[in-house]
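Structure assessment
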Amino acid sequence: MSTTIVTARRAFDDSFTIERALATGAYEGLKKALSMTPEAVCAEVDAASLLGRGGAGFPAGRKWSMLRKNPTTYLVINGDESEPATFKDHYLIERDPHQLVEGVIIAAYALQVTQAFIFIRGEFALGLERVTQAINEAYAHGALGRNIFGSGFSLDLVVHPGAGAYICGEETALLESLEGKRGFPRIKPPFFPAAIGLYGEPTVVNNVETVSNLPWIVSNGGAAFAALGEGRSTGTRLFALSGDVERPGVFEVEMVKSTFRDLIERPELGGGVRGGKAVKAIIPGGVSAPWFFPEDLDTPLGQDEVAAKNSMLGSGSIVVMDETRCMVRAAWRITKFFSRESCGQCTPCREGSGWLERVLYRLEHGGGRMEDVDLLLDLCDNIAPGLTWPPQQTTICVLGPSIPSSIHSAISRFREEFIAHVHDGGCRHGR
Amino acid sequence: MSHFSPALRAKAEATVALYPKKRSALIPLCHLAQGQDGYLTEAAMVEIGELCEVTAAEVRGTATFYDMLHTDPVGKYVVGICTNIACMLAGGDDLLEHAEQRLGCAVGGTTTDGLFTLEETECLADCDIAPCVQVNHRFVRTTTPEALDALLDELAAGGRVDEIPSHGTLIRVERTVGLQVPKDVIAEERAAAGAAQAARMEGSK
Amino acid sequence: MADDATPVTIRFTLDGREVEANKGEMLIAAAERSGTYIPRFCYHPRMEPVGVCRMCLVEVEGPRGTTLMPSCYIAPSDGMVVRTDSEKVKKAQDGVLEFLLANHPLDCPVCDKGGECPLQDQTLAYGPGESRFIEEKRHFEKPVPISDLVLLDRERCIQCSRCTRFAAEVAGEAQIAFSGRGDLVEVAPFPTEPFTSHFSGNTVQICPVGALTAKPYRFAARPWDLDQAESTCTGCSVGCRVAVQSSQDRLTRVLGVDGEVSHGWLCDKGRFGFEAVTGAHDADSEPGRVTTPMLKKNGELVPVTWSEALSAAAAALSTAGSAVGVIGGAQFTNEGAYAWVKLAKGIIGTDSVDAQLDDGLPASLVFGLPAATILDLDTANAVLTITGDLSEELPVLFLRLREAAHRGTPIVQIHQHPDSVTSIAHSALAVRSGDTDAVVRMLCGDDVQAAQLRNHPEGLSFDPAALEAAKAALPHGGKGLVVIVGRENLAEDGTLTAAAAKRIAGAFPEATFLVGLRRANVRGALDLGLTPGFLPGRVTLAEGQSRYAGTWATTPSATGLSTVEQLRALATGAAGAPSVLVLLGSDPLTDLPDGALAAAGLAKATTTIVVSGHHTATTAQADIVLPVTVANERTGTTTNVEGRVSVLAPAVAAPGQAWSDWTIATALADALGADLGLETVDAFAAEIAALAPSHRGLSAQLLAGASGDGIIIPVGSSPIHGAQPLDPTAFPGVKAVPARPLGTEQASLPEGAPASGGAALLAAIPEAVSVPGPDGYALRLTVQRRLYDGGATVTNSPSLAPLVDGATVKVHPSALDRLGVASGTVVRLRSAAAHLDLPAISDKTVIKGTAVLSFNHATADHAGNAAASLIDASAVVTDVRMETR
Ligand SMILES: Cc1cc2nc3c(=O)[nH]c(=O)nc-3n(C[C@H](O)[C@H](O)[C@H](O)COP(=O)(O)O)c2cc1C
Ligand code: SF4
Ligand code: FES
């Protein structure tokens, strides 16, 4: 098996305890980092070419370098993980909270930030408890608080619980939420919170998995990380595999070296499509991503490789739908999700998502009309003009233009299935 | 007169103190209040407004944005069943329908005994054990109608209290008091760190 | 004003044309000024852009092709290429409109907004697609109240957030907020903490659809049936610019118009107080207007003809000779004020003429302090306030001050009870009644006072750190310092405030002042001589004699009596007491702080002639009542708190036989066998401009050429902006008049306009007033005005009348503990003058040793102005003891 970075403690049931963590090298990376200058730590991360694991895939090193040098800066870790079928941060939060905390401290040191927050979605009650426990232990261990390990560097770290709203994964909505407000994404520009973030101060927002890589990168060097993977996609990545596969789960896989097919079919990974059926469609990077079809299965698991096929690796979640599945239903359910989770600021997203959902519901449950198929596409076009990838948008954040992805994918490929729904007065498949 | 119990009030004040700005504690305080009352009462929202220095309308406005915060009473156990894509593929809708029948209430409703509230949730990020079910935001990993029935029976009989506290109690581990870096120290160190880094940046040019 | 002095202009391309933008201006505004109107819903020029409705999308060329951007949120940059008319833009905008309509009820025929609704207008322009939405619409219960005056129809709401942003950002009272998420977002107040803002009506005006409606206007009229007049609000002396709308000679609605005074905002009293003029459209009750002249016969007032009333008045005045006192006139027009001054001082020959009711400040202070304008707040380095609660007294001035605070201008406040200004203050110094001047001294660096204040049995009333912060915030020498000074406490002698203001003027010679007098045209009345010792134009009797000699029959030689002096002389039968009292729209029985004095004085007058628009406590006791026109019925001008003269336009005819203020003066002069020599309002205006130095050069033409904001006098002391188009009905509150438009034409100035006032007048103000020491057992009384009080406007407006509170006394909890009673208990307050029973409310923000009461509120046993019963006009401060009953 290839190198494991963030799931190195996978074998231990008690991987979340400080005892196990310390016994397996926790906080060694931090100690090493503290012995280096902050700039040197940044340089390692740059050398690692660590791409953000939250969805947008922006290089962490570049993001860090945008942070205006300002005495009041914040580091915020995004543990909102709510993109449907994404469950890799859940794994890291519950199973290896010390690795996460250590990564946060390393990032804070590199950025010379003295106040950091970990935002964890509220539904992770156990994860919240484990990270809180880990933070308490880290303080007791001298890894947090004043004068960390005698280095003179101090950091206060606060766990902030979310309260149930997908949009708070969007980094500016997350900051609003962390400020005690409704999770309304902020209008751009500025495009990055590095300019204006939490409380209006420069802020870096990084995903849980992104920072969980840091202890390893510091311990082993950025070059060792960059040696894994290929091109811009370096290191390993967690993929959350779900849907119609024999062995759904979270798998750490070296980037680019494996393909979607490997992930789905290899026995130690997905173990094949459930019941030996054929793949009909897969969602390659969260429900915001345009779908892949059987001919795309040999695409390597790399950011640029997937982008080249007009989709995205996004949050690293892959949903497999087998040949028996109803595509209208899948598009409807995903659209229902967006409709429920739209924050409600922008007219096209607020009203468009609900309208689309209701039309799809009619198609699926009876009452569909022939003109509905083109109506769907035209409404999608009003949210994401041109229906191109990457999308154009008429909204503030990219939740809006994510809505059309599944509808557009499903209609483009399976238009006749939609028409059959009209003829049949609903879905032939049941559920 | 505080609506929060003295212990809760102390916790609330400690929570407010964790943040650079008071309003940031708004959502954590809503969770705390739900821990006491099960849902957000008007009195609690008024008190949270005072603690965070915002109006009660802003507290309510913020709270109602979030699915986990309830401004109306809910059952002791909130049962959430996911029907999002991965769970849908694993039969989430059937499980939800079964739960409706078993509990005798529709999605969003509460059983007449006030024990269970049923919710249809969006993805809970546990898609490998699907359909995903949470009770009071604890993953129960119960994927079949039979297992769900057994769990509901157990809860109704007063079981599993250690594992699943009643609704509103989000986390039982508290940030240990006293470890916090004092605010003025943070400010000082921040300024010093900023200055030192600026100096280093200058030097490296 | 560095920004304005060196304007940075940005050039960009708009639909193929090269256009200019001011630095920092949003694209939508720059485009509009250049003639391209971009549709919008959420954008409002007086609030921060949020870019949520997405209606204003335009195409902007960038490095990677064009992108759609909200024009309300992006500022043009040099060389930017923008298209507002491309297919892509049209499709996006049509898409947004279609989305908005998806869940909209389309109930235009029954919607108040029908006919003036941007959503409706843009939908008409939009053809197909409307019917593509066949799903069931979002449905809500019918309108829910969000305040006492405003209803919300959630089905019509398009979630533009203008109202919630107004509440949080402009009014600073976030008592309404969005609740819910996605397409369930709705505007909601908190169930137990209603939206009590004094400014709630603005939300109705800025709502771009018919979701928010005002109770006083709902279903009153359709926009296309309305007549509209541009005028000035006379609810208080801020003088907000308004569009007054009427239908079939009844007032139906008042809208704020954007301009430099008010930025388009109004307070609810100004907006809804029109009900007191022509009545509420849906109420049977008539406003309590005086509609015919009345004469007391056999102890009862009966309607008579004008000629009978005028002969009776003339007879009484002839008998009195110059023993006549004139009180009031601060609600009159400038022309009316001048007519009455000319009658009183120039024909009757009395100088006992006073527009103020012991609730203002001496005219010599008003004239003597260097004047500031409201616009100065926008560029001030700091603002110092010593005044009653601005949001209660001069509400929109509070909003303008809040803007300054929001921009970071430090506000230093000296107050006797925390109020709206405290909430935005950089440093607030709490003082007990009587101590204001001492604190001012400390602020000016005189520490001798500290010991005296510290010796108070309850200790120092403010935080010494706040004093240091305040000192640091005030610019040296007062450069860029604007001081707002008014009567904070009607239970203390106004000379205390006057002395403090004079001291500030001495210590900060470069500071300028806004004297916060409250009644609509009190500044105009003072300017025109409705005050003892002055003739029109801010000139003293001595100075003015020669100036007026040719035109006036006579001028008084000796300074006459103020309101209080007249009433006291009457009450005590002192020599020189007037025998006839002429009350010009004033109601001393309600409005004089010393209620007992008002009653005693009026009782002794041989004849009381009241010129009034409404029935009041005072008209009920009068011998002769003459009906006068009121707000929105008058032609003429008014002068606001800054000395800005603006035009009043009649929107409706006066009821019954009410005459204008100047007509009554003219007719009465006639009846006296004299002649004011003037027969039209224009003739009065012309004579004022010709004779009063303060008004020199102020012509009708100049006013007509100026924006509706009017002209600050003396002409030439402030820039005059050219006329601005008024079109609030098309898009209420949407189209705005920029405060500083590009290429404003300066109206030409007459030569040699004189400077204002004259610091020499300040000599009449005492340097200091000695204040009796604290009595350890008593509480010092602070009596403050409220927006909703027992005055004629509020009590005669059915929508506002329910908002008047009953009188209570607020005290620090320790005072209640000492008495051993709970908050809410009825206690007895005993002053040297009288006693009053009323509920005591525990309020930890009350300064220890102080009791706070509101002016002109009633108690269970005391109708009318309860607080006035405790006040003795001859005392410097008022001490009260609180007892159990
Ligand atoms: C609608 C939406 C939802 C998102 N949800 C998440 C999320 O749940 N977790 C996450 O880490 N990033 C999420 N993101 C991406 C974040 O905005 C942000 O890019 C990321 O947290 C940055 O971290 P990284 O650079 O380490 O990837 C979301 C973005 C959008 C537009
Ligand atoms: S696109 Fe949707 S989710 Fe994003 S800000 Fe707009 S309304 Fe909210
Ligand atoms: S988004 Fe610009 S006006 Fe609403």
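In this text, all values refer to a predicted model and were calculated from it rather than measured experimentally.

Here's the deal with the site of ligand 2
- Among the 13 residues in the neighbourhood of ligand 2, the closest are listed as Cys343, Cys346, Cys349, Thr395 and Cys397 of chain A.
- Of the residues belonging to the shell around ligand 2, the class tally is eight nonpolar, five polar and no charged.

Some thoughts on the interface of chain B and chain C
- Contacts between the two partners involve 13 residues from chain B, matched on the other side by 14 residues from chain C.
- Roughly 1100 Å² of surface becomes buried between chain B and chain C when both sides are summed, with 60% attributable to carbon and sulfur atoms.
- Summed over the three residues of chain B that lose the most area to chain C, namely Glu42, Ala57 and Arg60 of chain B, the buried surface amounts to 40% of that side.
- Counting the contacts that link chain B with chain C gives one salt bridge.
- Linking Asp67 of chain B and Arg181 of chain C is a salt bridge whose minimum nitrogen-to-oxygen distance equals 3.1 Å.

A short note on the nonpolar core
- Counting residues in each nonpolar core, the largest one holds 260 residues, and the members touching the most others are Leu75, Ile105 and Trp291 of chain A together with Ile48 and Ile85 of chain B.
- Ranked by residue count, the leading element in this core is helix α6 (residues 97-111) of chain A, at ten residues.
- Among all residues touching Ile48 of chain B, those that are not within four sequence positions of it are Phe4, Leu26, Leu29, Cys30, Ala33, Leu40 and Val59 of chain B.
- Within the second largest apolar cluster, 97 residues are counted, among which are Ala313, Met442, Val483 and Trp552 of chain C.

Comments concerning the domain arrangement of chain A
Residues and elements named next belong to chain A.
- Each assigned domain of chain A is listed with its residue range as follows: domain 1 (18-226), domain 2 (238-322) and domain 3 (327-424).
- A C-alpha centroid distance of 23 Å is found between domain 2 and domain 3.
- Contact with domain 2, which involves 15 residues of that partner, is made by 15 residues of domain 3.
- For domain 2, the biggest contributors to the area lost against domain 3 are Lys280, Val287 and Trp291; these three give 46% of the whole.

Focus on the site of ligand 1
Residue and element names in this part refer to chain A.
- Around ligand 1, 18 residues are found, and the nearest of them are Gly54, Lys63, Asn78, Asn207 and Thr210.
- Between Asn207 and ligand 1, the recorded distance is 2.7 Å, taken from a side-chain N or O atom to an oxygen atom.
- In the complex, 90% of the free accessible area of ligand 1, which totals 610 Å², lies under the protein chains.
- A per-element tally of the shell around ligand 1 places strand β4 (residues 203-207) first, with three residues.

Re the interface of chain A and chain B
- Every contact between the two is made by 81 residues of chain A and, on the other side, 62 residues of chain B.
- Together chain A and chain B conceal approximately 5900 Å² of surface at their shared face, both sides included; 57% is due to carbon and sulfur atoms.
- The interface formed by chain A and chain B holds eight salt bridges in total.
- With its nearest N and O atoms 2.9 Å apart, the salt bridge here joins Arg172 of chain B to Glu129 of chain A.
- Across the chain A-chain B interface, the total number found is 30 residue pairs in polar contact (both at pLDDT 80 or more).
- Here the residues of the side of chain A that touches chain B are counted per class, giving 36 nonpolar, 23 polar and 22 charged.

So, how was this worked out
- Residues numbered from 1 in each chain as written.
- Chains lettered and ligands numbered in written order.
- Predicted model: local features only at pLDDT ≥ 70, side-chain atom pairs only at ≥ 80, totals over all residues.
- Heavy atoms only, no water.
- Near = heavy atom within 4 Å.
- Nonpolar A, V, L, I, M, F, W, Y, C, P; charged D, E, K, R; others polar.
- Contact = heavy atoms within 4.5 Å.
- Buried area = accessible area lost by both parts, 1.4 Å probe.
- Salt bridge = Lys/Arg side-chain N within 4 Å of Asp/Glu carboxyl O.
- Core = buried A, V, L, I, M, F, W, Y, C linked by side-chain atoms within 4.5 Å.
- Buried < 20%, exposed > 50% of the residue type's maximum accessible area, 1.4 Å probe, protein only.
- Helix = DSSP H or I, 4+ residues; strand = E, 2+ residues; numbered from the N terminus.
- Domains from an automatic or database assignment.
- Polar contact = N/O pair within 3.5 Å; in protein donor to acceptor, adjacent residues only side chain to side chain.
- Areas by Shrake-Rupley, 256 points an atom, 1.4 Å probe, with all protein chains shown as cover.

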